[in-house]
Structure formats: C-alpha cells, structure tokens
Amino acid sequence: MSDFDQFRSETRAWLEANCPPEMRKPMSSDEDTFWGGRHAKYSSELQRIWFERMRDRGWTVPHWPKEYGGGGLDGEQTKILRQEMAAISARLPLVSFGISMLGPALLKYGTDAQKQEHLPKIAAGLIRWCQGYSEPNAGSDLASLQTRAESDGDDYLITGQKIWTSYANYADWIFCLVRTDASGKKHDGISFILFDMTSKGVSTKPILLISGKSPFCETFFDNVRVPKSHVLGTVDRGWDVAKYLLQHERAMISGMGERGAGRPLGQIAVDSIGADAQGRLDDAMLRGQIASFEVDEAALACAAERAADLAKAGQAHPAFSSAMKYYGTELNKRRHEILMSSGGIDALEWESQRSHEGARPRAWLRTKANSIEGGTSEVMLGIVAKRILDLPGA
Amino acid sequence: MSDFDQFRSETRAWLEANCPPEMRKPMSSDEDTFWGGRHAKYSSELQRIWFERMRDRGWTVPHWPKEYGGGGLDGEQTKILRQEMAAISARLPLVSFGISMLGPALLKYGTDAQKQEHLPKIAAGLIRWCQGYSEPNAGSDLASLQTRAESDGDDYLITGQKIWTSYANYADWIFCLVRTDASGKKHDGISFILFDMTSKGVSTKPILLISGKSPFCETFFDNVRVPKSHVLGTVDRGWDVAKYLLQHERAMISGMGERGAGRPLGQIAVDSIGADAQGRLDDAMLRGQIASFEVDEAALACAAERAADLAKAGQAHPAFSSAMKYYGTELNKRRHEILMSSGGIDALEWESQRSHEGARPRAWLRTKANSIEGGTSEVMLGIVAKRILDLPGA
Amino acid sequence: MPLLLNEEQTMLRDSARGFIGDKAPVSHFRQLRDAKDATGFSRDYWRAFSEMGFAGLLVPEAFGGSGLGAVEAGVVMEEIGRTLMPSPFFSTAVLGVSALNRGSDAQKSEYLPKIASGVLLAALAIDEGAKHRPLQTAMKAARSGNGFKLNGAKAFVVDGHTADLLIVAARSAGAPGERDGLTLFLVDPKAKGVALERTAMVDSHNAARITFENVEVTADSLLGDVDQGGALLDSVLNIGCGAVAAEMVGLSDEVFGRTVTYLKERKQFGKLIGEFQALQHRAAHLYTEIEVTRAAVLKALQLIDDGAPTAPAAIAVAKAKAGTTATLAVQEGVQMHGGMGMTDQFDIGFFMKRARVCQELLGDSNYHADQLARLKNY
Amino acid sequence: MPLLLNEEQTMLRDSARGFIGDKAPVSHFRQLRDAKDATGFSRDYWRAFSEMGFAGLLVPEAFGGSGLGAVEAGVVMEEIGRTLMPSPFFSTAVLGVSALNRGSDAQKSEYLPKIASGVLLAALAIDEGAKHRPLQTAMKAARSGNGFKLNGAKAFVVDGHTADLLIVAARSAGAPGERDGLTLFLVDPKAKGVALERTAMVDSHNAARITFENVEVTADSLLGDVDQGGALLDSVLNIGCGAVAAEMVGLSDEVFGRTVTYLKERKQFGKLIGEFQALQHRAAHLYTEIEVTRAAVLKALQLIDDGAPTAPAAIAVAKAKAGTTATLAVQEGVQMHGGMGMTDQFDIGFFMKRARVCQELLGDSNYHADQLARLKNY
C-alpha cells in the first residue's frame, strides 16, 4: 500500500468517525455556511463540532503549513482529502475570503510578522475578511481606482469609496487596493493594504440587486488611519499582488458551478414538464438544449480537472484561469436559463412559500453577475487574446 | 377597378399567353440562366422566345425608362409584375450585372451619351458586363486598391490586377475601379471606368474554389488603353459611385436566399431521415434546429419586405442594406449546414451521378463565401455600428 | 399592404407613446412595485386609457368600441413594452375582448360596452401545468342540470386578481392532449367554489392562481359551442401571442436604446466602451435582430387582420422570434451595463424580468418553433 | 490518473508528429487528391507506420502488436488530424483491431499479426441510411446450412475499397431499431455477391458503398455470438468515436493555429487583422472551446482504457463536443481567411471538408447529445 493509499484510508476513516451526518446533507440556505469571524454564529451545535474538529486537525486550510494553523498536506494529499469529503458530501467546515483569497497572497507576499499575525486567525476562523477592490467609476478598468492613501508619518489616511465589497457589513478586516501615488501610470502607485473595519471613518451600505438582497455593499472610507506596516508586498506595487489574487479568484469562480451537485438537469425538467412514452422529456426542443448544455458542462468539468493537473505538473499557462472563468460563468448562466425554461410558469413566482421565496428566479438573476464580477467575460477574452494567443495590440 | 388592378389583370393575361410552360419550371442548372452578351447562347429555343418577348416589352428591365429599352413601369407596377411572374414561377428572361449593378449607377451618374450608349445594349442583352472591384491585397479594405490608370493624352493606360471578377472570361465589357491619383487619402483618387474586355492587355484566369469550378476569375491589365470619356461620374470621385453600387449589390445578395423556393427544409430532412409515428422528423435535435432556422428565415423574409416598403416610402436608412446583407448571408450559411446534416452520409458524395456531382456539398461550401463577398459580415456590422447606431470611433 | 404603419396607426402610436411616456414611465411601475400596490396598476390611468379609446380598441363600434384590429393592439402593446406600464390592456382589451367578440349577441351586449368604457375587467384562464399547453387542459366541466359544474385549477391567470369576469377553458369531453372537447365558460370570480390567490411574480406584474371546486355555471355562461372551444381559443391565442410579441418588440427596442446610450457614455480603459469593436459588433447584431423581429411581428398582426390562412404560422414565427430577440436584448443589456446593470437601482433588470415572463406567456420560443414545425409537417 | 499524456504517450506523440509532419504534410494529401490516386493513401507510408508499431498499436503483444490502448490510438489520430494524412489507421488499426480483439483465438491468430505487420487491411461496414444509426441495421443474415446468407447494402464504409477483410453488421433476428439480433460477420470482399463501389467523398478520403447479394458465409466467419453483436459493436464504436474525436481535436487545433498565424500577418485598413477586437474575442472563445474539447476527449479515452462504466457517457460528450468545436473552428478559419480561404489553392478548405465528414462518421453531434440524454434518462 502506497503512502497515498494509506493516507486515503486513514482520512476516510477519520471523516467517517468525525463528520456528523447532518454535515453531509446539501446546504439548504446561506446559514448553512460557516464564515467565522469575531461575531461568528453557528447555525447548529453540529456545525460547531464539525468546524472545531476540522480546525484542530488544520483541515480548514489543509494545504497551508502547520505553523500557520494549516494541515501541512501536499498537493496529492489535499486532492485525496477533497475527494474523500466529496464522496460523503461533507460540507466545508469554514468558508472565507481569508482562506480563498487573502491567504494565498499572504503566503506569497507577506512578511514573517504579517503571516504570523493573520494566517492562524484565518485558519481558526477568528477573523473574517472582505475584499476592497472595485470602485463605482472603475468597473472593469480596476486599475483606474481613485481611493487615495495619503502619507501621514507612519500612517496612511485613506479616503474613498469601494463597491461590490461582499459581506463588508459582517467583515472584521478588509484587504484593499488604494492609490499611494497618483503621479505615474494607472497600474503604478497602487498599494495593497490591510486594515480593521472597526477603524474610525469606515462605513458600509448593502446593495440591493435585481435578484433581491445581496452580500454586496458599498463601503466608504473617510480619513481612515492605517499604519504603513499594514501594506502587503511593496508600496506602489500592489497591482502585482492584486493580479496574483485575481487569478485565484477566477479559478475559484470557474470551479464554482453546480456541476454534478444535486438532481441532474434533465430530470429536473422531466419533474415539471413530464416525459413521453419513451421516457424522453416532453419538450423536444428544450431536451435538445439541455443535452447540448450537458455536453458542454461535462467537457468543462474535464477541462477543470486537466487545468488542475497541468498546474500540478507546472505546465499551466498562468492566464488559463481567465479562459476557464469566461467559459464557466457563461455556462452557469446558460444552466440557469435552462432551469427557468424547465420551471416555466412555476419558476416565475417571486415570493411564495411554494417557490421558496422565488429561489429559482433569484438564483437565475444572480448568475447574470457571474460574467461581470471577478473580471467581465470581455476582459477575460481580452486576456486570452493577449497573453495566450499573443495577438497584436490586444 | 383601379389602374393597378387593371395593370395586374392585363399583366397576368399577357404572361399567361406569352410565358412558355418550360420557362415556368425551377432552374436546374446554370445553363438555364440567360446572360446575354456578344456570344450569348440560348439553352433552348423556348428560352430565346421568352427572352425576346420580354425584351420587346421592355420587361428585361421593367422599371427603366422606355427610351433606354426599359418598360417605364413605376414602383408599384414593377412590384405587381414581379408578383405575377412569381405566381406562375416564371424565370427571369435575362440576368446580368449590367441590369443589377451597372445600370442603376449609369442611371444616376451617367452622361446622356453614356446612358444612350450602354443602357439599351444592357436591356437588350447585347453586352455582358463584369465588375472589377476587388484586388488580391485589398480584401475588405476595398479602397486600398492599387490598379493604376496613368494619364496619356485623352486616354488612360491601366495596369494592375483584379480578383473575384465573376464571369470575366465570358464578359464583353468591364466596369472597374482604378486609381487615377495616388497622392491623397485612399478613398480619394479612385475613378470608376468602363472598357471593352477585348482591349489589348486584358487577360483572365478562372479561380478554383473549395466548392470546385467557379465563375470567378483573376483579371490582369497590362497597359490597357481606355479613353478618358469612359469614366463614369467625376474623375477621382469613383468611390461615390462604388458605394452607391455596393448598396445595390448588398440588397441583392441579402434577397438572394432560396427562401420559399422548392421543397421546405423540414420535408427535405424527412425525405432522408424519416419521420416518427406522429409525423415528426426522426431526429429531434435536428428538427429543433430546422424549426429555429425557419423562424429566423421567415422573419428575415418579412424584414426584406419591410425594407422594400420603407424604401418605397422614402423612409429607409441607406445603410440598412448592410444589416440585411449580414443577416441574409449568415442565414444562408446556416441553411446549408442544415441541408448537410439532413443529407448526412449521402450529402458527402462529391462526384457521383447519384449526388448530381456533389451538388449539395458544393452548394454548401459555396455559401461560405456569402459572408465574405460583397463586404464581409465584419465590415457590415461595422457599417451598422457606425452609420446606424452612431457608435463612437466605429 | 405595405409592411409599415399607416397614417392612422402612426397617429395611434404617437398618442399611446405620448400618454404612456408622460404618465407612466418606468418610474410609475417602480412606484407600484415598491408600494406593493394591491391593485397592481393605476385605475386612474386605465380610465384615461378607456377615454382615449384603448380599452375598446378591439370592441366593434356597435358595442361602443373603435372596431380596430390586431395591428392597432400591437401598436399599443409595443408602447406598453417600452415603459413596462402595468395595465389590464392585455388581459381585458386584447384577450377578453377577442374572446367575447366570438360570443353570442347577448354576451356581447352585456360585456363589451362595459369593457370599452373601462368599468369591467376580464381575465383568461388557460394554463394548468408548468408550461403553456392549451390542448393539455384537464380542468373538468361536467354537465349538471341545465349547466355545468367546474373542477380544476388554473395558474398564470394574468390580472386574475382584479378581474370582474373570468373566461375559463375547461374540458367538457375527451382527454388531455385532444383538441375536441374544449369549452370556454364565463365565470364570475365571486361565484361559490372559486378561490383566488394573487401570485407575486418575478416581473412584479399581476397574475393569479385560481381553483374551481364544484363551481356551478348556467348554460348562458357558455362562450361559443360546447366541445368546440378549440377554434375559438386558437383565434384568441393568436391575437394574444401577437400582442405579447409586440410588447417584446417594444421592450427589446427600449433596452437596446438604453444600452446604446450607455455605450456612448460609459468610459473604461480611457475609452467610451462603445468604441470597443467587440461590443460594436454585438450591438449591430442585436440591432439587426430587433429590426427583423419588428417586421415579423407586424406581418403576423397584419395577417391576423386579413384573416389569412397563413396567420397561424406567421404568429408562431413572430412569438418565437420575439422571445429569442427579447432574451438576447436583455442579456446583452445587463452584461453591457456591467455591475450597474445588476443593481435594483437601475431599470434594466426590470426588462430582463419582464422578458422572462413574456417568454412563458402563451408559449415560449420552443413551443412556437415546435408549432411551426407541426404546421409545416415535420 | 492525471488528465495529461504520460511520458510514454508524449514520446509516442512526438514520434507520430515527427513522421507525419515530415513525410505526410498537407501537401501529401493534396498530391494524392490531385492525382486521383487509386489507392487513396501511400502504401509505403503504411508500411513505415507498421514498422513504427502504429498498425499494431491496439493488437495484444501476443499477436505481434504493442498492446496499447485508446489514449494511444487518440494520440496518433490527433496527429493525423493535423495534416489530414490519408491512411488505413482508423479503419484497420482502430476499428478493425478493436473488433477482432473480441473474436475467437483462431480469428485473432489469423488476422491480428497480419494487421500488425501492415499486410492486411480491414474495414467496418455498419451504416445503411443517411445517418449513423447502428440499431437501425436492416441488412439480413439468414441461416443457411451451416452458415449464413447475407443480403443488404452498406454505405460510408471507410477504406472499403482497399480492405482485405470486411467486418459487417447484420441482423440475424429482430427488427430495425432493436438491439438484440445484431451479429457481426467477417466477409471476404472478393466473395461472390459482394459488389463494391468506391465513393468519391467531399474530403477526398476513402469510402465505399457495398452491396451484398446472397453472400454465403460459414459459421467460422461469425465474430462474437449470434444475435449478441450489440455489445461488441458498442465497444468498437466507443473507441472509434474516441478516435474520430481525437482526429477532430488535431484538426481544430491545426486550423486554429493557421488562423491565428494569418491574423498576425494579414493587414486590412492599415492594421493587422489580429488587432481587431471583434476577431480577438472570437479567437479567444475558439481557443477556449478547443482546450475544453481536448480535455473531454482525453478523459473519454482514459475512461475507455479503464473500462469505466461512465465511458459511454464520456464518449458521447467527447464526440458531440469535438464535432461542434471542429465545425466552429473551420467556419471561423475560412471566414477569417476571407476570400483566400475560399480558394482551393489554400489548404484551409480541406479541413472544412474533413470536419464535415468527421461529424457524420459514427454519429454527429446531435446523435451523441441525444445518446447522452438517453443515458441520463430524459
């Protein structure tokens, strides 16, 4: 038995013994996700138990070094753990932007002091982070951001406005792009800085979306005082950190689809529309659209698997995540168009109990942002054209 | 009874009496088209009779003035004649680029002498014309043409190369864009000139396409001597004439589809694939694609009708023909993709008698040029963006 | 007949556009939505609409209406589509009137003048399952004494919660899927056994679910002949589809106009986003789709008014095409508006929601493409 | 197993690419086409292919082959797709061998070594109608003495005109549409009653129509069990589909590469056409489609080699996806090459023609999407 086989069987046994059955059910609402933070709330005692057991093993961040509260697993072990968790449908014990976004950037760009301070608190779910990138007038042109950090001794004074700050109203700290030098090109003079959301001068306001309530906020900074030591990476070179982090975000979004989860699309359609004598969906046109979609969806899943394997083999093109982000989000929009067609009249209800408060149309509308957030499809295609295809002037 | 009703009933009676039944059958080969010209050949005696009867009435060009050999009909009468011809599937008695392209330009830009000389010969099918626009290195950027006309007393000496000259090898005369002044912007210094293809220095070479033989030629001019009086419109302002003529060409191409002609697409598919117990095509996916196509095709036919009505009412946007050209040619490509799917294996044969020498795949491949010739789809979309939508920098 | 609006139709359009643009811009709809208005539309405006002759547009002159046709109904629907104005025009003046126009003289005399004067509202109840499939009607109409007893449930009854009169499709014979055996009934929504639930819809327009439990109706409430409701329903659905298609043309045109304006205002990467060629080509494509759709819809409406045998195929084309074009228009509209287009604060999302409802209303693009294939025997 | 080629597979690819790129670039195919070559491929190159171990790639080592699998067959097919090299690799080394691998020991001993050494060519005859529908096989196999008598007609038999051995699907029981009752036979193309017509195809590759009139075959010619040919056929068709899908990946990649090169060379309106954003976005989209397709095809081939129960669904995905991607690649390729792309003088049209044939070969994208839906019960 290889080391990996042994790791697999031990992991399987441990999960079997430690993951409560309730934590193996599909999540039915936002509350089922545990986000951590100073004001963390557990939706159930079992959620707490599951989180604490995993945290104690370092498996909230299995691939991080042990010294920062991680599990110290290598790539193959991490993959095995994910597979074994997926096999029993185990929920993630902790979800946070600290884990998925800031963590990788801290590991790459952080000073020892910064890593020591922040990583263990992320791993243990003690601090909840939010991301301050977008600004109202910047849009896809992220680097044109205007939030300014003015030098004042050992501190910066930060003033400006961010938008699309997910869960800013629940976050303890923010990682944020600010302009420390406005004299040069727009990609220069940007710094990546971390600060406490309880600092004086920070305020937030939730954004109502076409799909209804959202985790997004507008976030305002009015002369917020932040020590200069809170800059991550080099001052004025924050764009490098941001780009590194955006790649992580894109990879995450492209993998975020609901592939394979829950009831197959064709079955959902049969549930509401019915089948003919041969068992085929009783809407031949829609059936064809679903089948074409499922071909693309299955193919994308293969591409995601291959991308991960290429990355592991060190053969991945660094811009490939942009191609995947583009494809995955466009596909997810198509999935939800199909779900709406499948639901028909019933999927038009917006507030009834019967419709779970319009869960299906709200999810559909929400997907329309997939191809905007984290870099629009147009920006992604531009990146592929320029960096992978090397087309002129792209 | 209105004048129009009377015109209709007279026209119907005349057509009934004068159009031979053989000239009411769908055309089965290129030979069934009568092109006229110095070396004109009739494929049958009935073709000759039908042509001469129509010519004598001025109905080869019903809307041209009678003094130039036309029928002198107004817009409504012309429409009625077309409708009545369509009603009995009467073939066009004469097809030529003189009628469809040069004629309108001559009527608008020609001197009296030019009109007197050329229009009656076009109407009577005595001279066959070809069009010398494209050049190998110009492509979509038509105005970058290099064929030069050097002044030599009362003549020009023309040297250069044209490509995609349809039927140049059969044509008697050519209408041609040449550069008379190379000093200014590329759209200036172009002249529109007419000359005899038997002039010394003219040679042609047919182009083999991916679909096989084609009417296209490469055409070479080596110091061809042409009197300056043969310029149509103002010297150096030939681009205006070319644009005017291109609009006619685009309108013609967009209307050129095989709409309504022959057996309906769905039936063609049923012929080769079969139907289920309910009479539905026994390939549900293809059936859906055909139905979607037929929706678009029927809608386009309405748009063509509306465009003609708008033009008659003087309300048409001059660039609308670009939108129609784009849509019509893309649709025609889709039609032939569907025909290939419908024919399946049988539609892959290239040379057998059974396949009429690969008629279906050759027609399919030929349609791929639709969105290139007469202005690419990309150029058409650019024109719509600029001239209709007034988008910046388009 | 040219495929253009004639002079009278152009005047009608200008008058509708003037009133709707002035009184009921999108902000009017937003207000009703935010207030969760119990009626869901403005009765004042409906009265004004009636005075302008819109409520009785399809009502014959003998019954107090204007005696106009499908093209004119489409003209008004297109303008409604531009501002999403909530009104009973579709349910009452289009579906209701075109059904009642096929009723007995007594029925016409009783209902049509009231509709034309704006005091009576009607609603058509057909759909039962998740998708529009009129032949699948299962609701039972059993003979009972001199009349009928109705049992079943209807969904997606547009404006059902404010209707004074329900026009209900039920099955008096045959099995779901069959064309024979359908019958239409006029039912008082206050009758015993009728239970009505207003459904809050994604587009914040009005619809209801209605159940019928042993609802007794007399023979007088029959609309048309017993078991032969299929043909009547076809004619009502044809004009209804044409009207929804026209609404989608107005909606698409409006969304497109707003999007092109945004392309000329919004800067990114130091340029107006309308300068980006990829967006230009997509905009030009969408423009063409909308113009093609506009022609197809007008043609279908004209053919209905002509009583042409090709009208059903033309309607299938129009509704199918209008659905896909509106879907494309709102998708491109939201995407090109970027993050802003995702916020409730911008109007563009309203159009996306309404377009989705218009797709399902009287059959989506798939349904109508399928109908076209059936009509063409493949 | 990582979704990547391993070291041996990479070496195999390099060796195939080296040979094919060197000996059989597109000009080799053009030459054979222009000459209307009677064989349609180079027997010399096939001998060299065999010496390199390609003819016996799937032949077990015990019978003189390399005993490799579907992934390796796909590797070679992908390279063939790049230059359109005509060769009996698909018909003989893929379809023929994978069918014979399921035969009796006697059959394997007789045929496999000859195939591996390049001296025997095989062809699989399945299709009868316009579309690939193996279950619709109508060709009759009636018991006759100790053997069978075959009657019927086959079309689209790839490399049929050069085959030394035909593998023929026929119906020994049941009716067209049924799975039971299919039987595979080994038939000598020179047998009495076999009539063969080479069909000139749009892609100038080789195919034949074959009629069978009272062709007598012995019981020894049975491949597998009587009436149970369905399962055998499935396994042959699965690997065949994977191989064609791999060819389409190579073809798509090659067309795309040529197109991107052209975008960087061709000037219009004073710019390289690759600078036009609309073309950039279309190129980036196509790139993504090709990469997604590449992954799906490799996955399917790996699952075949694993004998995974999910292989049939993965193959349906791979063949369906490869077909639509190849279609898009050649359409964009020709359009972006403009008028030049339309001329026979440019190679790009060859790829368009071949892609069309690959679509129909063993079922087009519609067929395989439908198969996927069936496998998923909707």
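Residue numbers restart at each chain and count upward from 1, following the sequence in its written direction. A letter from A marks each chain and a number from 1 marks each ligand, given out in the order of writing. Only residues with pLDDT of at least 70 are given local features in this predicted model, and only at 80 or more are side-chain atom pairs given and counted; all residues enter the totals for whole chains, interfaces and linings. With hydrogens and water set aside, each side-chain value is computed from the structure's full complement of heavy atoms.

The name given to chain C in an unreviewed UniProt entry is Acyl-CoA dehydrogenase, and the organism recorded there is Tardiphaga robiniae. UniProt positions are given in the numbering used here, feature names are shortened, and annotations may be inferred rather than shown by experiment. We quote the UniProt Sequence similarities (unreviewed entry) comment for chain C here in full: "Belongs to the acyl-CoA dehydrogenase family." According to the UniProt record, the Cofactor (unreviewed entry) comment for chain C is "FAD".

Per an unreviewed UniProt entry, chain A goes by the name Acyl-CoA dehydrogenase and belongs to Tardiphaga robiniae. What the UniProt record of chain A gives under Sequence similarities (unreviewed entry) is the line "Belongs to the acyl-CoA dehydrogenase family."

Trainee: So what about the nonpolar core? Which residues, and what values?
Mentor: Side-chain atoms within 4.5 Å are what join buried Ala, Val, Leu, Ile, Met, Phe, Trp, Tyr and Cys residues into a set we call a nonpolar core. For the exposure calls, accessible area comes from a 1.4 Å probe over protein chains only, and a residue counts as buried if that area is under 20% of its type's maximum, exposed if over 50%, partly exposed in between. Judged by nonpolar contacts, the single largest core of 170 residues is most densely connected at Phe49, Phe89, Phe90, Leu100, Phe156 and Leu362 of chain D. Comment: elements are numbered from the N terminus, with helices defined as DSSP H or I runs of at least four residues and strands as E runs of at least two. For this core, the element with the highest residue contribution is helix α7 (residues 229–263) of chain D, accounting for 18 residues. Contacts are assigned to residue pairs with any non-hydrogen atoms lying within 4.5 Å of each other. Excluding residues that lie within four positions of it along the chain, Phe90 of chain D makes contacts with Met77, Leu95, Val158, Gly240, Ala243, Val244, Leu361 and Leu362 of chain D. If you look at the next biggest cluster of nonpolar residues, it comprises 168 residues, including Tyr326 of chain B together with Phe54, Leu237 and Ala243 of chain C.

Trainee: Give a description of the packing of α7 of chain D against helix α10 (residues 348–360) of chain D that names residues and reports values.
Mentor: All names here are of chain D. Orientation of α7 relative to α10, taken along the N-to-C sense of each, is 155 degrees, at an axis distance of 10 Å. Comparing the axis directions of α7 and α10 gives the class roughly antiparallel. You can see that α7 and α10 cross each other, and the crossing is left-handed. Residues Val244, Glu247, Met248, Leu251, Glu254, Val255, Arg258 and Thr259 of α7 touch α10, and the partners they reach there are Ile348, Phe351, Arg354, Ala355, Cys358 and Gln359. Classes in brief: Ala, Val, Leu, Ile, Met, Phe, Trp, Tyr, Cys and Pro nonpolar; Asp, Glu, Lys and Arg charged; the others, Gly included, polar. Looking at the contact of α7 with α10 residue by residue, the classes come out as eight nonpolar, two polar and four charged. The angle between two axes is taken between their N-to-C directions and runs from 0 to 180 degrees, where each axis is a line fitted to C-alpha atoms and a helix contributes only its stretch in contact. Roughly parallel covers angles under 35 degrees, roughly antiparallel covers those over 145, roughly perpendicular covers 65 to 115, and oblique covers all other angles. Throughout, a crossing is termed right-handed when the near helix is turned clockwise from the far one, and left-handed when it is turned anticlockwise from it by less than a right angle.

Trainee: Summarise the pattern of salt bridges; cite the residues concerned and give the values.
Mentor: We define a salt bridge as a side-chain nitrogen of Lys or Arg found within 4 Å of a carboxyl oxygen belonging to Asp or Glu. Following the criterion strictly, the structure yields 124 salt bridges over all chains and no others. The partner of Lys321 of chain C in a salt bridge is Asp296 of chain B, with the nearest N and O atoms 2.8 Å apart. Of this pair, Lys321 of chain C sits in helix α9 (residues 311–341) while Asp296 of chain B sits in helix α8 (residues 284–312), placing the two residues on different chains. The residues Lys321 of chain C and Asp296 of chain B share a single accessibility class, namely buried. Between Glu289 of chain D and Lys321 of chain D there is a salt bridge, and its shortest N-O distance comes to 2.6 Å. Here the residue Glu289 of chain D occupies a position in helix α8 (residues 277–306), and Lys321 of chain D occupies one in helix α9 (residues 311–341), the gap between them amounting to 32 residues. Assigned by exposure class, Glu289 of chain D and Lys321 of chain D land together as buried.

Trainee: An account of the side chain of His281 of chain C is requested, with residue identities and associated values reported.
Mentor: Position of His281 of chain C relative to the elements: it lies in helix α8 (residues 277–306). Note on His281 of chain C: relative accessible area 7%, which makes it buried. One polar contact links the side chain of His281 of chain C to the main-chain carbonyl oxygen of Glu378 of chain B, over a distance of 3.5 Å. Residues contacting His281 of chain C, with those up to four places away along its chain left out, are Glu378, Leu381 and Gly382 of chain B together with Ala278 of chain D. Nitrogen and oxygen atoms within 3.5 Å of one another constitute a polar contact, given that in protein one can donate a hydrogen and the other can accept it, and given that sequence-neighbouring residues count only through two side-chain atoms.

Trainee: I'd love a proper account of the domain arrangement of chain A, names of residues and values included.
Mentor: Throughout the structure description, domain borders are defined by an automatic or database domain assignment. What the domain assignment reports for chain A is domain 1 (3–95), domain 2 (129–237) and domain 3 (258–388). Summarising the inter-unit geometry, the C-alpha centres of domain 1 of chain A and domain 3 of chain A are found 27 Å apart.

Trainee: Pulling in residues and values, what's your account of the packing of aromatic side chains?
Mentor: Each pair of aromatic rings taken from Phe, Tyr and Trp, with Trp reduced to its six-membered ring, is defined by centres within 6.5 Å and is described as stacked if the planes are under 30 degrees apart, edge-to-face if over 60, and tilted in the remaining cases. Applying the stated criterion across every chain yields a total of 51 aromatic pairs over all chains. Seen from their ring centres, Phe34 of chain A and Tyr42 of chain A are 4.5 Å apart, and the 20 degrees between their planes marks the pair as stacked. When the ring of Phe97 of chain B is compared with that of Tyr167 of chain B, the centres are 6.5 Å apart and the planes differ by 35 degrees; the resulting orientation is tilted. Of this pair, Phe97 of chain B sits in helix α4 (residues 97–109) while Tyr167 of chain B is found in the loop between β3 (155–162) and β4 (173–179), placing the two residues 70 residues apart along the sequence. Taken individually, Phe97 of chain B and Tyr167 of chain B each receive the classification buried, so the pair is uniform in this respect. Members of the aromatic cluster, connected to one another through ring pairs, are Phe19, Tyr45, Trp46, Phe49, Phe54 and Phe89 of chain C. A ring is scored as having a charge over it whenever the NZ atom of a lysine or the CZ atom of an arginine sits within 6 Å of its centre and within 35 degrees of its normal. Above the ring of Trp59 of chain B, the side-chain terminus of Arg57 of chain B is found at 4.4 Å from the ring centroid.

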